[in-house]
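Residues per chain are reported as follows:
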Amino acid sequence: MSRKKTLLILSAAVLPGCFLGLFYITQTGAASGDINAPSRQTVQQLRPLMFKGKPFFPIGAYSQTRNLDNSFVKFEDLAKQGWNTVLQHVADNQTDIKFLNDADAAGFAVILSMHNLIAAQDQNSVAKKVSTLNSYPAMLGYYIFDEPENVYSASEEYKHSLHISSMGLGKFIISKIGWVKPLIRAIDADKEHYIFMCIGWWTFYEELSGLCEINLPNEYPTENTKTEFEGPQANIIYDAKLAAKAAYKAGGQGFCYTPLAININTGMGNYRPPTINEFRYSAFAPITQGAMGIIYWAGYRCKSPYTEQVVYPVTRQLNELTPFFLGKWLDDKLQCEPSQSSTPLLKKLVLPTVSGCLRQSDNGKYLLLAVNNRAEVTSATFRVNIERLPSQARDFITGRSVPIIGGEIKDLMGPYGVCAYIIEQAK
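Presented here is an overview of the structure given in this document. (Residues numbered from 1 in each chain as written. Predicted model: local features only at pLDDT ≥ 70, side-chain atom pairs only at ≥ 80, totals over all residues. Heavy atoms only, no water.)

For the rest of this paragraph, the subject is the sheet that holds strand β11 (residues 294–296). Taken together, the seven strands give an open sheet; going across it, the order is β10-β9-β8-β7-β6-β5-β11, and neighbouring strands pair in parallel fashion. Edge positions in the sheet fall to β10 (214–215) and β11, since each has one partner strand and no second. With two bridges connecting them, strand β9 (residues 194–198) and β10 associate as parallel partners. Its bridge partner lying in β10, F196 is registered against I214. (Pairing = 2+ DSSP bridges. Helix = DSSP H or I, 4+ residues; strand = E, 2+ residues; numbered from the N terminus.)

This paragraph deals with the pattern of salt bridges. Enumeration according to the criterion identifies 17 salt bridges in this entry. E206 serves as the salt-bridge partner of K245, at 2.4 Å between the closest nitrogen and oxygen. Taken together, the residues span a long stretch of sequence, with K245 in helix α11 (residues 235–249) and E206 in the loop between β9 and β10 at a distance of 39 residues. Its relative accessible area of 7% is what places K245 among the buried residues. Classification of E206 as partly exposed rests on a relative accessible area of 31%. A salt bridge links E337 to R383, with the shortest nitrogen-to-oxygen separation between them at 4.0 Å. Here E337, found in strand β13 (residues 334–337), pairs with R383, found in strand β16 (residues 378–384); they are 46 residues apart in sequence, far enough to count as distant. Within the structure, one salt-bridge network assembled from shared partners comprises E337, R383, E408 and K410. (Salt bridge = Lys/Arg side-chain N within 4 Å of Asp/Glu carboxyl O. Buried < 20%, exposed > 50% of the residue type's maximum accessible area, 1.4 Å probe, protein only.)

This brings us to the pairing of strand β14 (residues 354–360). Along a regular strand, successive side chains alternate from one face of the sheet to the other. When you tally the buried positions in β14, you get six out of seven residues, the bulk of the element. Pairing between strand β12 (residues 328–329) and β14: two bridges, direction antiparallel. Bridge assignment links W329 to a residue of β14, and that residue is R359. Both β14 and strand β15 (residues 366–372) contribute to a ladder of seven bridges, which runs antiparallel. Across the sheet, R359 pairs through a bridge with L367, a residue of β15. Adjacent in sequence and paired antiparallel, β14 and β15 are bridged by five residues, among which G364 carries a positive phi angle near 95 degrees.

Taking a probe equal in size to a water molecule and rolling it over the atoms shows the remaining empty space. Volume-wise, the second largest pocket comes out at about 350 Å³. Lining the second largest pocket are 23 residues; nearest its centre among them are C212, E213, I214, A250 and Q253. Those elements that place two or more of their residues in the lining of the second largest pocket are α10 (180–187), β10 and α11. Counting residues per element, the lining of the second largest pocket draws most heavily on α11, which supplies three residues. Taken together, the residues of the lining of the second largest pocket break down into 12 nonpolar, four polar and seven charged. (1 Å grid on protein atoms, 1.4 Å probe; cavity = no way out; pocket = protein on both sides within 12 Å on 5 of 7 lines; lining within 4 Å. Points joined across faces, edges and corners; volume = space filled by probe spheres on them. Nonpolar A, V, L, I, M, F, W, Y, C, P; charged D, E, K, R; others polar.)

A few words on the environment of S209. With respect to the helices and strands, S209 occurs in the loop between β9 and β10. It is 9.2 Å that separates the C-alpha atoms of S209 and K249, two residues lying 40 residues apart in sequence. Beyond its immediate stretch of four places on either side in the chain, S209 contacts I199 and A250. (Contact = heavy atoms within 4.5 Å.)

Bringing helix α5 (residues 123–133) into the picture now. By the burial criterion, the buried members of α5 are V126, A127, K129, V130 and L133. Angular distribution of buried residues about the axis of α5 spans 160 degrees; they occupy a single face of the element. Next to the buried residues of α5 lie α3 (93–105), β7 (109–113), α4 (115–119), β8 (139–146) and α10. (Arc of directions from axis to C-beta.)

All right, on to α11 then. When the terminal C-alpha atoms of α11 are compared, their 21 Å separation across 15 residues agrees well with the 21 Å that a helix rising 1.5 Å per residue should span. Of all 15 residues that make up α11, 13 are buried, and the element is covered over most of its length. Two residues or fewer after α11 comes G251, characterised by a positive phi angle close to 130 degrees. (Expected span 1.5 Å × (residues − 1).)

Backbone hydrogen bonds hold the strands of a sheet together, and the pairing may be parallel or antiparallel. Strand order in the open sheet formed by three strands is β13-β16-β19, with antiparallel pairing between adjacent strands. Each edge of the sheet is formed by a strand with only one pairing partner; in this case those strands are β13 and β19 (408–413). Direction aside, neighbouring strands of the sheet carry axes that sit 20 degrees apart on average. With six bridges connecting them, β16 and β19 associate as antiparallel partners. Bridge assignment links A380 to a residue of β19, and that residue is D411. (Axes fitted to C-alpha atoms, helices over the stretch in contact; angles between N-to-C directions.)

What follows is the structure in structure tokens.
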């Protein structure tokens, strides 16, 4: 999977109105008065995915992870690590059916990738696959294409035809794979069987959103780096913000985010395996922007003991906090400081130093999820405008108790740190 989005950062960052307010209810000026301070914004709640009739927050990866002997980890063992979803390439029907049945027995959802069939323009095989597999209970949907911008911008047809290139890359992509969604929907009309795609470049999230129902965007900042947080980690929060904006404009169905976690790196360039701190930020930061699932890349490139040290601790945390992610959005009742842009990258992207969201689960408890968007320790203040605040909150990540004084939580956040404060209503 080649990645080009970080190369587009300059052009994407200067687009007028690139993300300023098109998917927000309200905006008010930042307290600092800094011209580089982002406006405080309230995000409308995106719809969760549904699976077997219930709201569902997918947690998993592109394929299962690997044991030391390179065999795939069983669904039952992945479930213990917080997983509930796997994205898997289709094979022969017998293999596909066994995979779906094994997944269902463990309570897993499956996203079936038909990228290769669609890239080959094999409409007949796509139709047969959908007809054969759509009735299996583990089915969550169909992954139709992986980063079409990278595929079609490099095609001879696009590069060497003046007529085709003049139509623009987005229109060319639509002309090539616009048949897929109508074909699938003509065979499988189940609204809980979603059409997934990874739109590769954030400049195309809106233009290509009609090709799918769930975008799986990604940013991989460890490329060509040697030390933790050396790369442009805050690109992740910007990327997720643009994905949320596009999702809202397309009708309000949520998107799922694709962080990077690999330690088998053969043949894909110089991507350093993320540390647990990097992976945790890349998994939780998109949720502050509205991500409704985390499907990382790539399970089949993750092998023990890296999975035990880096991946599984984070996926278990995601799983335990899922009731909040599927709960009520109360972002209008939260104010995070510092809200100004404090690094060259944050100023370029017009992003705050600290990003956060406030969620309430069905049991009445609140989750204040926040991330530090820079590689320095940050003194953060969170103002929470809810009734019956207790005298303290518990940070789920570290287990620490932090005081709540006058409706505020003050805390130190580590470099690209994640805090997940659980707040119970006072009696």
